[in-house]
Amino acid sequence: NNNLSCAAHVFYPDSIIMATGLYFQEKKDSLWRFYNKEGMLVSEENYSKGLKKGIERVFYPDGKVYEEFQWENEKKSGQWTQYFENGKPMKACKYLDDKRHGFMRTYNTNGSVSMQGMFNNGVKDSIWNYYDNNGELEIQLMYKRGIVKNQDELDKYMEQKNQFRK
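As the structure is a computational prediction, the values presented were derived from the model and not from experiment. (Residues numbered from 1 in each chain as written. Predicted model: local features only at pLDDT ≥ 70, side-chain atom pairs only at ≥ 80, totals over all residues. Heavy atoms only, no water.)

A. Spatial organisation of the side chain of Asp125. The residue Asp125 is located in the loop between strand 13 (123-124) and strand 14 (126-131) in this model. Buried charged residue Asp125 carries no salt bridge. Nearest counter-charge: Lys144, at 5.1 Å. Of the polar contacts made by the side chain of Asp125, one reaches the side chain of Asn120; its length is 3.4 Å. At a separation of 2.8 Å, a polar atom in the side chain of Asp125 contacts the main-chain amide nitrogen of Arg145. With residues up to four places along the chain from it excluded, the contact list for Asp125 reads Met118, Asn120, Tyr143, Lys144 and Arg145. (Helix = DSSP H or I, 4+ residues; strand = E, 2+ residues; numbered from the N terminus. Buried < 20%, exposed > 50% of the residue type's maximum accessible area, 1.4 Å probe, protein only. Lys, Arg positive; Asp, Glu negative; His and termini not counted. Salt bridge = Lys/Arg side-chain N within 4 Å of Asp/Glu carboxyl O. Polar contact = N/O pair within 3.5 Å; in protein donor to acceptor, adjacent residues only side chain to side chain. Contact = heavy atoms within 4.5 Å.)

Here you go:
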């Protein structure tokens, strides 16, 4: 490409591959893959003209996806999902300008919902439901700009939990 592009292969001191990708006009471009010192794929990132853009994936040691999220101009923007090793979702939310924004849900290992609610500009905002391992509602909290509005209910709930643990 008129000497504007080149493939890059970055190595650890012991000659094991650390990263591979492309440069275009001396900036990262397209898919980059990163490896640990054992040569196993750790993550993949997409770039456009030096800026992170598109899907980034982080992997478990066995190669299954642990986490994936969207980037737009160096900021997390779009869907973010973390997975258990069995491939089922652990957490799911959207980002906007590097902050959680929108509906978020977390799951127990058995697949039942453990928590759900809304983020607004990086803080909890609205009703948040918290569930036990069987998916039964344990407590419902109201957040306004990140602050719990029904603190008395939370205190009572925490007191009951602490008594149960004794």
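B. The arrangement of the pairing of strand 4 (residues 41-48) in detail. Judged from the 6 bridges that link them, strand 3 (residues 27-35) and strand 4 form a sheet pairing that is antiparallel. Residue pairing in the sheet places Ser30 in a bridge with Tyr47 of strand 4. As paired strands, strand 4 and strand 6 (residues 54-59) are joined by 2 bridges and run antiparallel to one another. Paired with Ser43 across the two strands is Val58, which belongs to strand 6. Turn length for the strand 4-strand 5 (residues 51-52) hairpin, with the two strands adjacent in sequence and antiparallel, is 2 residues, and the turn residue Lys49 shows positive phi of about 55°. (Pairing = 2+ DSSP bridges.)

C. Seen up close, the nonpolar core. One finds Trp128, Tyr130 and Leu141 to be the most contacted residues of the largest nonpolar core, which totals 16 residues. Contributions of two or more residues to this core are made by strand 7 (65-72), strand 9 (89-96), strand 12 (113-120), strand 14, strand 15 (137-144) and helix 1 (151-165). Counting residues per element, this core draws most heavily on strand 15, at 3 residues. The residues touching Tyr130, leaving out its near neighbours within four places in the chain, are Ser114, Met115, Lys124, Glu136, Leu137, Glu138, Ile139, Leu141 and Tyr143. Counting residues in hydrophobic clusters, the runner-up holds 5 residues, among them Ala8, Ala19, Trp32 and Tyr47. (Core = buried A, V, L, I, M, F, W, Y, C linked by side-chain atoms within 4.5 Å.)

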